[in-house]
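# Tertiary structure, described
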There are 4 protein chains.
Amino acid sequence: MSQDSLDNLNNRLKQFAQARDWEQFHSPKNLTMAMIAECAELVEHFQWMTEEQSMNLSADKHQQVAMEMADILIYLIRCAERLDIDLVDAAERKIAINEARYPAEKVRGDARRADEYD
Amino acid sequence: MSQDSLDNLNNRLKQFAQARDWEQFHSPKNLTMAMIAECAELVEHFQWMTEEQSMNLSADKHQQVAMEMADILIYLIRCAERLDIDLVDAAERKIAINEARYPAEKVRGDARRADEYD
Amino acid sequence: MSQDSLDNLNNRLKQFAQARDWEQFHSPKNLTMAMIAECAELVEHFQWMTEEQSMNLSADKHQQVAMEMADILIYLIRCAERLDIDLVDAAERKIAINEARYPAEKVRGDARRADEYD
Amino acid sequence: MSQDSLDNLNNRLKQFAQARDWEQFHSPKNLTMAMIAECAELVEHFQWMTEEQSMNLSADKHQQVAMEMADILIYLIRCAERLDIDLVDAAERKIAINEARYPAEKVRGDARRADEYD
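Residues numbered from 1 in each chain as written. Chains lettered and ligands numbered in written order. Predicted model: local features only at pLDDT ≥ 70, side-chain atom pairs only at ≥ 80, totals over all residues. Heavy atoms only, no water.

The secondary structure content of chain A amounts to six helices and zero strands. Its C-alpha atoms give chain A a radius of gyration of 18 Å, clearly above 13 Å, the size a compact globule of 118 residues would have. Considering chain A as a whole, with its 118 residues, one finds that 58% of them fall into the buried category. For chain A, long-range pairs separated by at least 24 residues make up 60% of all intrachain contacts whose partners lie at least 6 apart in sequence. (Helix = DSSP H or I, 4+ residues; strand = E, 2+ residues; numbered from the N terminus. Rg over C-alpha atoms; globule rule 2.2 N^0.38 Å. Buried < 20%, exposed > 50% of the residue type's maximum accessible area, 1.4 Å probe, protein only. Contact = heavy atoms within 4.5 Å.)

As structure tokens, then:
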């Protein structure tokens, strides 16, 4: 039976933190700070690029970007573990909410935020 | 045969964006901005809490936090799709790098950043 | 007649950008990305600290933190210049709004957000 | 004799926090979280805009953006006050560093980060 990839990562990250006695630092408050710091490192790669350039990264830049995205996923998984949140279940519920909030026929081609619609 | 949860989410999100003709807005540059905006909404929940309080959320707050984390995962998956990045593979490679950079016996109980070690 | 410190910084930053032909990159969209990236570098200094530790920085850390805060102010001034926004006037108006939203006698010692009050 | 606008804002914000007994929440750690949350609200306004659109805001959007920038300045001033950092002095020192790191004749029209130059 295959095991889910997120579960595998979660277990490995939990062991990593425990082996280093780092769980004492991993409060949800602190983990969200670490997560947004990693997210900003991702943003930084794109800040002076055009949108077009952001879709056509060099091999080297692509590699760096992949590692920043990995960091975000890592802290997201850690934070979910500490709060006992099932990320996949939460994402499925949020997608269902978005499907109801943004009916395809109403918002097609329009990126305004939901609260800007009447 | 079971299919991986991240793959399932990715497919569903891709269809969601295509049905709304929103892929035109989903450049990696734009998606990283959306991702960090969601990440900040998560941070906002914790900004005036103590670390202790952040570990003991009310049921209502827990639910809101789960939805913010879902948003981050959603944009992370969308951004990875647009850049053709395998998130799980990237995370596994990054964890291996971290295991080498932070040997357990050297950093136990110490949260300083790698570049602050001599 | 004394001239205002923010005006002086604004003029110097404008000349800095023009001398390097960097105004082409300084769209408000891009400048907000640069600003949040700098803000995250500030957050990163504090992510594993206790609140107590964050109030008692070493001289070296204090210096680094001051430079990160300088970066945020620099991008804030640049962004305001590009959008023709008077930062001081905006701040004064926002403080007046906050004074009305959060009457001292109602919110004393309570950090909940305005929209959480009934 | 005129008094500096940042000093005026700092005094007013300090009184605002003290009158509400909010200084107990205003550790530098917490204030950086609040600051990045406000910064993300600014980013959110621009995430689906083109760069061109970000330079041509409607009157209503311009007003909202000014209020988000005010929030960032407010938390920046609060954080500097708590850490006893002179923002203007820090910005002047940082600009001098940038002038040395990015000589105009070397970087003209090129937005790569300093560490990407050889």
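From this point, the narrative continues.
For the rest of this paragraph, the subject is empty space enclosed by the protein. Rolled over the atoms, a probe as big as a water molecule pinpoints where empty space is left. For the coordinates displayed, the defined rule picks out one cavity of 30 Å³ or more. By volume, the largest cavity amounts to about 30 Å³. What lines the largest cavity is A37, A40, E41 and E44 of chain B together with A37, A40, E41 and E44 of chain D. Residue assignment for the lining of the largest cavity shows that the elements contributing at least two residues are α2 (28–46) of chain B together with α2 (28–46) of chain D. Here the residues of the lining of the largest cavity are counted per class, giving four nonpolar, no polar and four charged. (1 Å grid on protein atoms, 1.4 Å probe; cavity = no way out; pocket = protein on both sides within 12 Å on 5 of 7 lines; lining within 4 Å. Points joined across faces, edges and corners; volume = space filled by probe spheres on them. Nonpolar A, V, L, I, M, F, W, Y, C, P; charged D, E, K, R; others polar.)

A separate point is the relation of the copies chain D and chain C. Mapping chain D onto chain C calls for a rotation angle of 180 degrees and an axial translation of 0.0 Å; the resulting RMSD is 0.0 Å. On this basis, the relationship between the two copies can be described by a two-fold rotation axis. Across chain D, the rotation axis passes nearest the C-alpha of D4 of chain D, at a separation of 3.0 Å. A share of 100% of interface residues in chain D that are also interface residues in chain C marks the association as one of identical surfaces. (Least-squares fit on C-alpha atoms with pLDDT ≥ 70 in both.)

Positive phi outside glycine occurs at D21 of chain B, with the angle close to 55 degrees. Within the secondary structure, D21 of chain B is located in the loop between α1 (5–19) and α2. Residues other than glycine seldom take positive phi values, yet D84 of chain C does so here, at roughly 55 degrees. You can see D84 of chain C is positioned in the loop between α4 (59–83) and α5 (87–101).

Our next topic: the domain arrangement of chain A. Residue and element names in this part refer to chain A. With domains assigned, chain A is organised as domain 1 (3–85) and domain 2 (86–118). Between domain 1 and domain 2, the residue contacts involve six residues of the former and four residues of the latter. Between domain 1 and domain 2 the total buried area reaches about 360 Å² when both faces are included, carbon and sulfur atoms providing 81% of it. Taken as a group, L6, L76 and I85 account for 79% of the area that domain 1 buries against domain 2, more than any other trio of residues on that side. At the boundary of domain 1 with domain 2, the tally comes to one residue pair in polar contact (both at pLDDT 80 or more). (Domains from an automatic or database assignment. Buried area = accessible area lost by both parts, 1.4 Å probe. Polar contact = N/O pair within 3.5 Å; in protein donor to acceptor, adjacent residues only side chain to side chain.)

On to the relation of the copies chain B and chain C. Of the two same-sequence chains, chain B is brought onto chain C (RMSD 0.0 Å, axial shift 0.0 Å) by a rotation of 180 degrees. Both copies contact each other with a shared surface, as 100% of the interface residues of chain B are interface residues in chain C too.

This next bit is on the interface of chain B and chain C. As a measure of interface size, the accessible area lost when the parts come together is often cited. Taken residue by residue, the interface counts 14 residues in chain B and 14 residues in chain C. Together chain B and chain C conceal approximately 1,100 Å² of surface at their shared face, both sides included; 53% is due to carbon and sulfur atoms. Where chain B touches chain C, the interface holds zero salt bridges. With six residues, the top contributor of residues to the side of chain B that touches chain C is α2 of chain B. Each residue belonging to the side of chain B that touches chain C can be placed in one class, and the counts come to five nonpolar, three polar and six charged. (Salt bridge = Lys/Arg side-chain N within 4 Å of Asp/Glu carboxyl O.)

What follows concerns the packing of α2 of chain D against helix α4 (residues 59–83) of chain D. All names here are of chain D. Between α2 and α4, the shortest axis-to-axis distance is 9 Å and the interhelical angle comes to 165 degrees. By the criterion of interaxial angle, the relationship of α2 to α4 is roughly antiparallel. Considering the relative orientation of α2 and α4, their crossing is left-handed. Across the contact of α2 with α4, the residue classes tally to 14 nonpolar, three polar and seven charged. (Axes fitted to C-alpha atoms, helices over the stretch in contact; angles between N-to-C directions. Parallel < 35°, antiparallel > 145°, perpendicular 65-115°, else oblique. Left-handed = near helix turned anticlockwise from the far one by under 90°.)

Relative orientation of the contacting elements helix α2 (residues 28–46) of chain A and α2 of chain B amounts to 160 degrees, with a least axis distance of 9 Å. When the axis of α2 of chain A is compared with that of α2 of chain B, the two are roughly antiparallel. Crossing hand, α2 of chain A versus α2 of chain B: left-handed. Counted together, P28, K29, T32, M35, I36, C39, A40, L42, V43 and F46 of chain A of α2 of chain A and P28, K29, T32, M35, I36, C39, A40, L42, V43 and F46 of chain B of α2 of chain B form the full contact between these two elements. For the contact of α2 of chain A with α2 of chain B, a count of residues per class yields 16 nonpolar, two polar and two charged.

This paragraph deals with the nonpolar core. Counting residues in each nonpolar core, the largest one holds 172 residues, and the members touching the most others are M69 of chain A, M69 of chain B, M69 of chain C together with M69 of chain D. Look past the residues within four positions of M69 of chain D in its chain and what remains in contact with it is L76, C79, A80, L83, I85 and L87 of chain C together with L42 of chain D. (Core = buried A, V, L, I, M, F, W, Y, C linked by side-chain atoms within 4.5 Å.)

Here we come to the side chain of R78 of chain A. All names here are of chain A. Along the chain, the position of R78 falls in helix α4 (residues 59–83). Judged by relative accessible area, R78 falls into the buried class, the value being 2%. Excluding residues within four positions of it along the chain, R78 makes contact with L13, K14, A17, E23, H26 and L31.

Glancing now at the interface of chain D and chain C. Counting from both sides, the interface comprises 72 residues of chain D and, opposite them, 72 residues of chain C. Counting each side, the surface lost to burial between chain D and chain C is near 6,300 Å², with a carbon and sulfur contribution of 69%. Looking only at chain D, the three residues that lose the most surface to chain C are R12, K29 and M69 of chain D, adding up to 10% of its buried area. Scanning the region where chain D abuts chain C turns up four salt bridges. A salt bridge links R12 of chain C to E99 of chain D, with the shortest nitrogen-to-oxygen separation between them at 3.4 Å. Of all the secondary structure elements, the ones that give two or more residues to the side of chain D that touches chain C are α1 (5–19), α2, α3 (51–54), α4, α5 (87–101) and α6 (104–107) of chain D. Broken down by element, the residue count for the side of chain D that touches chain C peaks at 16 residues, all from α4 of chain D. Residue composition of the side of chain D that touches chain C, grouped by class: 44 nonpolar, 13 polar and 15 charged.

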